[in-house]
Amino acid sequence: QVQLVESGGGLVQPGGSLRLSCAASGSILSIYVMSWYRQTPGKQREMVAVDTNGGSTNYARSVKGRFTISRDNAKNTVYLQMNSLNADDTAVYYCYVVLRVMASTEMRSYWGQGTQVTVSS
């Protein structure tokens, strides 16, 4: 069984910063993709940032230059550093990982429980 635990969300003023964390635990052999998505009420979940093992990253156009995704493979943890936040960044943020568990050749994907980010003065 694999668990994802997110932390770091909260209320921040426009122009401020937050850092989200998502730690994966369980019978993990290797993690291939670690990413962040976000969702607001009535809208589809959208990709924010993706990190594929091997150093390739990709960002949504709306966050490029303000957000940075990084990962600590030793801790099975992915981070999202969010700077210059604005009201449009208000959403529930979810981490999403693609990994291989021990004793299996399958690739499996998991979602975190979500963490609320609210940007407001």
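Here, the structure is the one placed above.
A few points on the structure. Since we're looking at a predicted model, the values are computed, not measured.

### Re the nonpolar core
By size, the foremost hydrophobic cluster in this structure holds 31 residues, and its most contacted members are Trp 36, Val 48, Phe 67, Leu 80, Met 82, Tyr 93 and Leu 99. When contributions to this core are tallied by element, the ones reaching two or more residues are strand E1 (2-7), strand E3 (18-26), strand E4 (28-39), strand E5 (46-52), strand E7 (67-72), strand E8 (77-82), strand E9 (91-101) and strand E11 (115-119). For this core, the element with the highest residue contribution is E9, accounting for six residues. Excluding anything up to four places from it in sequence, Met 82 contacts Gly 16, Ser 17, Leu 18, Leu 20, Arg 66, Phe 67, Tyr 93 and Val 117.

### Digging into the side chain of Ser 21
For Ser 21, the position within the fold is in strand E3. When sequence neighbours within four positions are dropped, the list of residues in contact with Ser 21 reads Val 5, Glu 6, Ser 7, Trp 36, Val 78 and Tyr 79.

### Quick notes on the packing of aromatic side chains
In this structure the tally under the stated criterion is four aromatic pairs. Ring geometry for Tyr 37 against Trp 111: centres 5.1 Å apart, planes inclined by 70°, an arrangement best described as edge-to-face. With Tyr 37 in strand E4 and Trp 111 in strand E10 (residues 107-111), the pair connects residues that are 74 residues apart, well separated along the chain. Between Tyr 94 and Trp 111, the ring centres sit 6.3 Å apart and the planes meet at 90°, which makes this aromatic pair edge-to-face.

Parameters and conventions
- Residues numbered from 1 in each chain as written.
- Predicted model: local features only at pLDDT ≥ 70, side-chain atom pairs only at ≥ 80, totals over all residues.
- Heavy atoms only, no water.
- Core = buried A, V, L, I, M, F, W, Y, C linked by side-chain atoms within 4.5 Å.
- Buried < 20%, exposed > 50% of the residue type's maximum accessible area, 1.4 Å probe, protein only.
- Helix = DSSP H or I, 4+ residues; strand = E, 2+ residues; numbered from the N terminus.
- Contact = heavy atoms within 4.5 Å.
- Phe/Tyr/Trp six-rings, centres within 6.5 Å; stacked < 30°, edge-to-face > 60°.

By themselves, these are just geometric observations and shouldn't be taken as functional.
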